[in-house]
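Reading the structure
Read off the chains here:
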Amino acid sequence: MTFQKQTASDAKKESGFAETVKTVLYAVIIAFGVRTFAFEPFNIPSGSMIPTLLIGDYLFVSKFSYGYSKHTVGFGLPLFEGRILGGLPERGDVAVFKLPRDNKTDYIKRVIGLPGDTIQMIGGVLHINGQPVKRERIEDYVAQDGLGRTVRTAQYIETLPEGRTHKIIEESDNGPLDNTPAYKVPADHLFMMGDNRDNSLDSRVPAQVGFVPVENLVGRAEFLFFSLDEGTRFFEVWRWPVDLRFSRLFSGVR
């Protein structure tokens, strides 16, 4: 039996390979930790949050803002119940949550009702605890439809009771979701709505969304890091020079 003596060059190669594997492993662990406990990227697939968020927006959600639950760090596994190290969101926050109907699908809407609130839509006007929320008509929201035609939609600035403002759009004040019963938000639940008021499946539709358990919160939308025109897919890098929405990059979500 013969043995081949390991040269210094061979040892150096093995050491270098081991260091590379170790570096990659550390990078994966760090990336996994950041995604699990700090920030997670999401993209916007629907127009329910227009004009705040557009189809093709990519944003970061802070997972630590409201504490942690099995939906935040446990991938839905029953690791623990409730939330730890956090509290309720503020009214007006834009938040990602797991759809209560299946506890899997990610939705993003605005927090409108907190536990104990009464929420109702009357003639297209949001009412919180029996009081109409101020809305001010501003310039129309202008967009292109699928055929390239210009579409104008009524746009408002809505001012919530605490003074926070955001934009909404309304195609009319007489749609199916513009006049609703009064909804009393249960303890440990939230009432979520989209800013595109006539085209948002949200808490106004009890059979599909309804009240959202606080436990189902994933995190708060913080800022956009990328944005492509509707219909452009992320991997189509050859379309980026034309379809990248430069004006939306690194803008905060409010």
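Analysis parameters
- Residues numbered from 1 in each chain as written.
- Predicted model: local features only at pLDDT ≥ 70, side-chain atom pairs only at ≥ 80, totals over all residues.
- Heavy atoms only, no water.
- Phe/Tyr/Trp six-rings, centres within 6.5 Å; stacked < 30°, edge-to-face > 60°.
- Buried < 20%, exposed > 50% of the residue type's maximum accessible area, 1.4 Å probe, protein only.
- Lys NZ or Arg CZ within 6 Å of the ring centre and 35° of its normal.
- Pairing = 2+ DSSP bridges.
- Helix = DSSP H or I, 4+ residues; strand = E, 2+ residues; numbered from the N terminus.
- Axes fitted to C-alpha atoms, helices over the stretch in contact; angles between N-to-C directions.
- Polar contact = N/O pair within 3.5 Å; in protein donor to acceptor, adjacent residues only side chain to side chain.
- Contact = heavy atoms within 4.5 Å.

1. Focus on the packing of aromatic side chains
- Taken as a whole and judged by the stated rule, the model has 12 aromatic pairs.
- Judged by centre distance (5.3 Å) and plane angle (65 degrees), the rings of F226 and F234 are edge-to-face.
- Since its relative accessible area comes to 11%, F226 is described here as buried.
- In this structure an aromatic cluster arises from ring pairing among Y58, F60, F223, F225, F226, F234 and W240.
- The side chain of R135 reaches across the aromatic face of Y156, ending 4.1 Å from its centre.

2. Considerations on the sheet that holds strand β10 (residues 165-170)
- Pairing is antiparallel in the open sheet, where three strands are placed in the order β8-β9-β10. Lying at the two open borders of the sheet, with one neighbouring strand each, are β8 (134-144) and β10. Taking the axes of each pair of neighbouring strands and ignoring which way they run, one obtains an average angle of 30 degrees across the sheet.

3. Some details on the pairing of β10
- As paired strands, strand β9 (residues 150-159) and β10 are joined by six bridges and run antiparallel to one another. Within β10, the position partnered with T159 by the bridge is T165.
- Taking the residues that link successive antiparallel strands as the turn, the β9-β10 hairpin has five residues, and the phi of G163 there is positive, at about 100 degrees.

4. Focus: the sheet that holds strand β6 (residues 125-128)
- The four strands are arranged β7-β6-β5-β11 in an open sheet whose pairing can be described as antiparallel. The open sheet has two edge strands with one neighbour each: β7 (131-132) and β11 (183-184).
- Bridging between strand β5 (residues 118-122) and β11 involves two bridges; their strand directions are antiparallel. Counted as the bridge partner of I119 is Y183 from β11.

5. As for the side chain of T232
- Mapped onto the elements of the fold, T232 is located in the loop between β14 (217-227) and α3 (240-243).
- We classify T232 as buried; its relative accessible area is 8%.
- Polar side-chain contacts of T232 include one of 3.4 Å to the side chain of R239.
- If sequence neighbours within four positions are ignored, T232 has contacts with R239 and D243.

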